[in-house]
Amino acid sequence: MKEPQLIEFLKERVGLCKYFSDDRLEQLVKESRIVSCEPNEAVIEFGENADFLGVLLEGDLAVWVPGDGGQSQIIGHFEPGDTFGEMALMSGDKTMANFIAETRCKVLRIPVTVFQSAIMSNPRAVQHVSKTIAERFKQLMADPDKAAAAFRKSDDPYGLRLKGERPEKILVINSGSSSLKYTFFDTVNESNTAHGLVERIGIRGTRLIHYGPHGEAKRELPQGSYADAFRAMLSELSASETGVMREASDVSAVGHRVVHGGERFSEAVVIDDGVIREIESLNPLAPLHNPVNVSGIREAMRLFPSVPHVAVFDTAFHHTMPSYAYLYGLPYEYYEKKGLRRYGFHGSSHSYVALRAAQYLQRRVNELEIVSCHLGNGASLCAVDHGRSVDTSMGFTPTEGLIMGTRCGDLDPGAITYLKRQSGLDDAQLDELLNKRSGLLGLSGVSSDMRQVESAADAGDPRALVALKAFCYRLRKYIGAYLAAMGGLDVLVFTGGIGQGSAGVRSLAVQGLECMGIRLDERRNREARGFDEVCRISTDDSCVTVLVVPTDEERMIARETLRTLSRSYLTRVFKAQEAESFLLEVSAHHIHLSQEHVEALFGKGRQLTRHSDLSQPGQFACQEQVSIIGPKGRIDRVRVLGPVRPATQVEIAMTEQFKLGIHPPIRESGDLKDTPGCTLEGPAGSVALERGVICALRHIHMTPADALRYGVRDKSTVRVRVSGDRELIFGDVRVRVNPNFRLAMHIDTDEANAANLKTGMQVYITGIQSED
């Protein structure tokens, strides 16, 4: 079907398209593709990522859903002009049916972001699509088990295989002070992947090592500059014998590792001159890394001038740490004026292995508590609570935390002033001592390489043995600390060169932690092939699953590059939509009760009594009030909200936790796993809750139509601008989509008081941070 015919077909047969102009339809067609399917071939399968809107052009499709006992049943048929995949715009859930061709079919696949940008500013199109989505939402809510089954069946629930909306060839760059690491990904052909290293740049002995589908290549290079290293990389990637592309123009996007994003960059960003200037402004925080990262960016932009470049920051994953976890015990002005705080590093690795662990366990990452141990020459731990980094062992610099290859890790600051006084070391000598001559190397006197330290310890070297034990003791201490910080643990992950390669370190790290539910299977641990595949090394009856997960930071950078480009596609539409505001609502402390607890607190057979309606349809404030009692104090006359829920939930503000003596996590409503409890007291009795107290994650309620207008979906995380006397931006705002919601943003009283905000003020969505 030629383009003019296709446009006419869409206008005549697809109800939604009658709202689009010819120019808009022409753009949709140009950025989409037509695929053909033979009879009995799947157009899209149960559990598959739905990253496109489908329009059936020719043939017939049957919709099959899994039934009981493994039997499938047909629930519908599609004819030319019908559309499918609308829920991909909203929920991000996996496809919950098999779409099978009954005859030879042709389907127009419109990338989700292309479709979103087309309808966001078209109210009539939004209204048309939202009706369909509302019906699909009802089906989803009626059968949540099917959505869970679709998620479990998906072989790539988190997009780690880099299957995006369009075919892409992504080059990932990691620029070091004297090295250039690169990886090439082909999203259509996974086997067409290559990676390599140019080392000793600018000094004698420069060489390139390249690994690709055609084998390994090693080449000696003349001593040269960064520009020479990039040219050597490009030459190797396009070489007839070892290459994976024909020429530089084959690359469609470049992702760059940038070590430090400070507080400015909480997610990956498309690079422009302004972004480069902001990265350079952070040079004082990472003087050895950010300047050379920028040099790599500039050189890559010169070689690949016509493609988007994306910066992915080591620190970004940790921007969700709460202030009490990232602040040092210094005068607050040093944080405000100098940015002196804990930032954390290895973010791409910790994020990647958390997703891989969740994928391996067929669980959602936002329902797990994970401790990730990235152990290499540089080493750090991260506490990942329901998908969010809440603490990490590295701090203001990568020197803090664990003992590492040549870094000292945690150190009493008084030791530094003592060394300056007693040894006369200047700042440069101290920096070299703490970062280049300490750690395993300094303790053992043998090497910074754990393999050599273990070998020396096995041979009876006392210093090597002490170094090994000190390394594992520090590691074990942090594991226990992070379990305590999260109030529970589901998964312990080992990754990095040491984490994947040393069974001895893994064993020593968890010895004595059986009391915390961690039980290692020593045979599985010894036999684990940690560099090849995810391996379970815990016993079958261990409460905590222990995994060895091969890290792949380059793949994570490529994934973030793809996702950033998808988000940036909507940027121009966001600018137009930014003028469209909605209401802010401030939520005071309140309680949701189960029917069992209603009766325990107010009397048998008691039903909640409506006091006044709330802004969200069907929800109301009740006449009933209770007291919340904690270990330290109590809060009286706390309003109950209706209707009843399956589980009781108590929502309090941050300042109130100190009054009660309770330390709840920041969670979405309904996410109560490993939350603290309290006592509720009512006129007819009291209830001792084992769990259920949270500080609510700031969020926006939306209908499907609202979400379509703003180009977001259920579970998106967005940035929101609040107007007023003290205009500010809120990040990490979770979008919740339901046909029964009314558009409004909710924050708690602490956040409102801190910024002098009140219910009724206007807010504006300014960007999407993530859509996991």
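In case you missed it, the structure is sitting above this.
Residues numbered from 1 in each chain as written. Predicted model: local features only at pLDDT ≥ 70, side-chain atom pairs only at ≥ 80, totals over all residues. Heavy atoms only, no water.

Chemist: Give me the lowdown on the overall build of the chain, citing residues and values where you can.
Modeler: Within the chain, the secondary structure is distributed over 25 helices and 37 strands. Here the chain has a C-alpha radius of gyration of 28 Å; the compact-globule value for 772 residues is 28 Å, and the two agree. Projected onto its principal axes, the C-alpha coordinates of the chain cover approximately 75 × 75 × 60 Å. Each of the 772 residues in the chain was classed as buried or not, and the buried ones make up 54%. Long-range pairs, those at least 24 residues apart, make up 68% of the contacts in the chain with a sequence separation of at least 6. Split by element, the accessible area of the chain, about 33,500 Å² in all, is 48% carbon and sulfur. One finds the centroid of the 90 positive side-chain charges in the chain at a distance of 2 Å from the centroid of its 100 negative side-chain charges. (Helix = DSSP H or I, 4+ residues; strand = E, 2+ residues; numbered from the N terminus. Rg over C-alpha atoms; globule rule 2.2 N^0.38 Å. Buried < 20%, exposed > 50% of the residue type's maximum accessible area, 1.4 Å probe, protein only. Contact = heavy atoms within 4.5 Å. Areas by Shrake-Rupley, 256 points an atom, 1.4 Å probe, with all protein chains shown as cover. Lys, Arg positive; Asp, Glu negative; His and termini not counted. Charge placed at Lys NZ, Arg CZ, Asp CG, Glu CD.)

Chemist: Mind laying out the sheet that holds strand 3 (residues 52–58), listing which residues take part and the relevant values?
Modeler: Here 4 strands make up an open sheet; going across it, the order is 1-8-3-6 and the pairing antiparallel. Every other strand in the sheet has two partners, leaving strand 1 (33–37) and strand 6 (83–84) as the edge strands with one partner each. As judged from the 5 bridges shared by strand 1 and strand 8 (residues 105–111), these two strands associate in the antiparallel manner. Bridge pairing links Cys-37 to Cys-105 in strand 8. With respect to the sheet, helix 1 (residues 3–13) is in contact with strand 1, strand 3 and strand 8, its orientation differing from that of strand 3 by roughly 100°. (Pairing = 2+ DSSP bridges. Axes fitted to C-alpha atoms, helices over the stretch in contact; angles between N-to-C directions.)

Chemist: Explain the pattern of salt bridges to me, using residue names and the numbers behind them.
Modeler: Under the criterion given, the structure shown has 43 salt bridges. The partner of Arg-610 in a salt bridge is Asp-613, and the shortest N-O contact between them spans 2.6 Å. Taking relative accessible area as the criterion, Arg-610 reaches 48% and is therefore assigned partly exposed. Each of Glu-369, Asp-385, Asp-490, Arg-667, Asp-671, Lys-673 and Asp-674 takes part in one network of salt bridges that share partners. (Salt bridge = Lys/Arg side-chain N within 4 Å of Asp/Glu carboxyl O.)

Chemist: Can you tell me about helix 2 (residues 22–30), naming the residues and giving the values?
Modeler: Inspection of helix 2 places Arg-24, Leu-25, Leu-28 and Val-29 among the buried residues, and these make up the whole buried set. All buried residues of helix 2 fall inside an arc of 135° around its axis, so they share one side. Along helix 2, exposed side chains directed more than 90 degrees from the buried face belong to Asp-23 and Lys-30. In this structure, the buried side of helix 2 is in contact with helix 1, strand 8 and helix 3 (112–119). (Arc of directions from axis to C-beta.)

Chemist: I'd like to hear about the pairing of strand 26 (residues 620–629), residue by residue, with values.
Modeler: Consecutive residues of a regular strand have side chains that alternate between opposite faces of the sheet. Of all 10 residues in strand 26, 7 are buried; the element is thus mostly enclosed. Note: strand 25 (residues 610–613) against strand 26, 3 bridges, orientation antiparallel. Of the residues in strand 26, the one forming a bridge with Ser-612 is Ala-621. The antiparallel pairing of strand 25 with strand 26 creates a hairpin that spans 6 residues between the two strands, and Gly-618 there sits at a positive phi of about 85°. The loop that links strand 26 with its antiparallel partner strand 27 (residues 634–642) comprises 4 residues. In this sheet, strand 30 (residues 679–682) lies alongside strand 26 in antiparallel orientation, the contact comprising 3 bridges.

Chemist: Describe the packing of aromatic side chains, naming the residues involved and giving the relevant values.
Modeler: When we look at a pair of aromatic rings, we describe it by the centre distance and by the angle of the planes. All chains considered together, the criterion is met by 11 aromatic pairs. Their ring planes at 40° and their centres at 6.3 Å tell us that Tyr-343 and Phe-396 sit as a pair that is tilted. Within this pair, whereas Tyr-343 is found in the loop between helix 10 (332–338) and helix 11 (347–361), its partner Phe-396 is found in the loop between strand 19 (388–392) and helix 12 (413–423), the two being separated by 53 residues in sequence. Judged by its relative accessible area of 4%, Tyr-343 falls in the buried class. (Phe/Tyr/Trp six-rings, centres within 6.5 Å; stacked < 30°, edge-to-face > 60°.)

Chemist: Report on the nonpolar core, specifying residues and quantitative values.
Modeler: If you look at the biggest cluster of nonpolar residues, it comprises 44 residues, and the most contacted ones within it are Leu-375, Phe-471, Leu-475, Leu-492 and Phe-494. Those elements that place two or more of their residues in this core are strand 17 (369–375), strand 18 (379–385), helix 15 (450–458), helix 16 (462–486), strand 20 (491–495), helix 18 (503–510) and strand 22 (545–548). (Core = buried A, V, L, I, M, F, W, Y, C linked by side-chain atoms within 4.5 Å.)

Chemist: So what's going on with the pairing of strand 35 (residues 728–737)? Which residues, and what values?
Modeler: Of all 10 residues that make up strand 35, 7 are buried, and the element is covered over most of its length. Bridging between strand 33 (residues 699–702) and strand 35 involves 4 bridges; their strand directions are parallel. Directly across from His-699, in strand 35, lies its bridge partner Arg-734. The pairing of strand 34 (residues 717–722) with strand 35 spans 5 bridges and is antiparallel. The residue bridging Arg-721 from the neighbouring strand is Ile-729, located in strand 35.

Chemist: Explain the environment of Ala-509 to me, using residue names and the numbers behind them.
Modeler: Considering the arrangement of structural elements, one finds Ala-509 in helix 18. Spatially, the C-alpha atom of Ala-509 lies 8.6 Å from that of Lys-477, the residues being 32 residues apart in sequence. Leaving out residues up to four positions away in the same chain, Ala-509 has contacts with Cys-472, Leu-475, Arg-476, Ile-479 and Phe-494.

Chemist: How would you sum up helix 22 (residues 595–602)? Please name residues and give values.
Modeler: Because the α-helix completes a turn every 3.6 residues, residues three or four places apart line up on one side. Listed as buried for helix 22 are His-597, Val-598, Leu-601 and Phe-602. Projected onto a plane normal to the axis of helix 22, the buried residues spread over an arc of 110° and lie on a single side. Lining the buried residues of helix 22 we find strand 26, strand 30 and strand 31 (685–688). At the exit of helix 22 stands Gly-603, carrying a positive phi of roughly 115°.

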